[in-house]
Amino acid sequence: MANIRMEEGWRLALHDEFDKPYFKQLTDRVRADYAQCPVYPPASRIFAAFDSSPFADTKVVIIGQDPYHGPGQANGLAFSVNPGIPLPPSLRNILKEVADDTGAPAPADGDLTRWAREGVLLLNTVLTVKHGQPKSHAGLGWEQLTNAAVSRLSSLKDNVVFILWGSDAISKRTLIDHNRHLVLTSPHPSPLSAHRGFFGNHHFTRANQYLTQHGLTPINW
């Protein structure tokens, strides 16, 4: 098995992907880009979503697209930014819906590591991006790896909540066994679409109701 540094449960779940030709081509290309130009997140944070939410502990999955492409924003978790970074519009809308849905007070920053520690996998479909070039690493192979991650969760675990916002994320619902898991879908939290059904989707309370019904600890959103 390729020597991939990743949380052990995820490394075992995804081990067969790391020896496939696409993954070597992907990592060669991504390494070359990191050596030549700014790429986000920092290389040490590429697999942060997996490391922050171990496979055995993952209870909720939120799917993003690709990392933020501005300096200092991306920290390896979908929609999340480091402390001190202004909230991007989609994240601002997510936190507004959390407050409206759950009554939770506004957090001090946009670092969603606190959710990851509770078992929320914040997984971008594509794990790297060039500076200022959204979707510049789409189509290189990350999608195959992240699809495999969703498939492994679906097949190897029970009672996971999959939260899919927007058409890109919703396309992954075909990878999920709807009899074993809860799948929640709505428009994306982007300002372009949030008012078309993201606001008021109640995904955060619905996720917690499902977890509680299945004997799992709810998320402190």
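Whatever comes next refers back to the structure up there.
I will try to describe carefully the structure that is included in this document. (Residues numbered from 1 in each chain as written. Predicted model: local features only at pLDDT ≥ 70, side-chain atom pairs only at ≥ 80, totals over all residues. Heavy atoms only, no water.)

What about the packing of helix H5 (residues 89-102) against helix H9 (residues 203-213)?
Relative orientation of the contacting elements H5 and H9 amounts to 60 degrees, with a least axis distance of 8 Å. In terms of orientation, H5 and H9 fall into the oblique class. Contact with H5, carried on its side by Ile 94, Glu 97, Val 98, Asp 101 and Thr 102, involves His 203, Phe 204 and Thr 205 of H9 and no other residues of that element. (Axes fitted to C-alpha atoms, helices over the stretch in contact; angles between N-to-C directions. Helix = DSSP H or I, 4+ residues; strand = E, 2+ residues; numbered from the N terminus. Parallel < 35°, antiparallel > 145°, perpendicular 65-115°, else oblique. Contact = heavy atoms within 4.5 Å.)

Some details on the environment of Ile 170
Within the element layout of this structure, Ile 170 appears in helix H8 (residues 166-170). Expressed as a C-alpha distance, the spacing of Ile 170 and Leu 122, which sit 48 residues apart in the sequence, is 15 Å. If we skip the residues at most four places from it in the chain, Ile 170 touches Leu 164, Thr 185 and Ser 186.

Details of the environment of His 69
If you trace the backbone, His 69 turns up in the loop between strand S2 (60-64) and H5. For the pair formed by His 69 and Lys 135, sequence separation is 66 residues and the distance between their alpha carbons is 9.0 Å. Apart from the residues lying within four places of it in its own chain, the contact partners of His 69 are Tyr 40, Val 129, Lys 130, His 131, Gly 132, Gln 133 and Pro 134.

Concerning the nonpolar core
Counting 67 residues, the largest nonpolar core has Phe 47, Phe 50, Ile 62, Trp 115 and Trp 221 as the members making the most contacts within it. Ranked by the residues each element gives to this core, the list is headed by helix H7 (residues 142-156), at six residues. Not counting residues within four places of it along the chain, the set of residues in contact with Ile 62 comprises Ala 78, Phe 79, Trp 115, Val 120, Leu 121, Leu 122, Leu 123, Ile 163, Trp 165 and Trp 221. (Core = buried A, V, L, I, M, F, W, Y, C linked by side-chain atoms within 4.5 Å. Buried < 20%, exposed > 50% of the residue type's maximum accessible area, 1.4 Å probe, protein only.)

With respect to H5
In a regular helix each residue adds 1.5 Å, so 14 residues correspond to 20 Å; H5 covers 20 Å between its end C-alpha atoms and thus fits that length. When H5 is considered as a whole, its buried residues turn out to be Ser 90, Leu 91, Asn 93, Ile 94, Leu 95, Glu 97, Val 98 and Asp 101. In the core, the buried residues of H5 are packed alongside helix H6 (113-116), strand S5 (161-165) and H9. (Expected span 1.5 Å × (residues − 1).)

Some remarks on unusual backbone geometry
With omega at -5 degrees, the peptide bond leading from Tyr 40 into Pro 41 counts as cis. Summarising the element assignment, Pro 41 is placed in the loop between strand S1 (39-40) and helix H4 (48-52). Although it is not a glycine, Phe 79 sits at a positive phi angle of roughly 70 degrees. One non-glycine residue, Lys 135, lies in positive phi territory at about 65 degrees. Relative to the elements of secondary structure, Lys 135 occurs in the loop between strand S4 (129-130) and H7.

Brief notes about the packing of aromatic side chains
Describing an aromatic ring pair means giving the distance of the ring centres and the angle of the ring planes. The final tally for this structure, using the stated rule, is 13 aromatic pairs. Ring geometry for Phe 47 versus Phe 50: centroids 6.3 Å apart, planes at 45 degrees, classification tilted. Summarising the burial analysis for this pair, Phe 47 and Phe 50 share the class buried. Judged by centre distance (4.8 Å) and plane angle (90 degrees), the rings of Trp 115 and Trp 221 are edge-to-face. You can see Trp 115 sitting in helix H6 and its partner Trp 221 sitting in the segment after H9, a full 106 residues away along the chain. Residue classification places Trp 115 among the buried residues on the basis of a relative accessible area of 1%. With relative accessibility at 9%, the residue Trp 221 sits in the buried group. Of the aromatic side chains, those joined through ring pairs into one cluster are Phe 79, Trp 115, Trp 165, Phe 198, Phe 199, Phe 204 and Trp 221. When the ring centre of Phe 199 is taken as origin, the NZ or CZ atom of Lys 96, which lies over that ring, is 5.0 Å away. (Phe/Tyr/Trp six-rings, centres within 6.5 Å; stacked < 30°, edge-to-face > 60°. Lys NZ or Arg CZ within 6 Å of the ring centre and 35° of its normal.)

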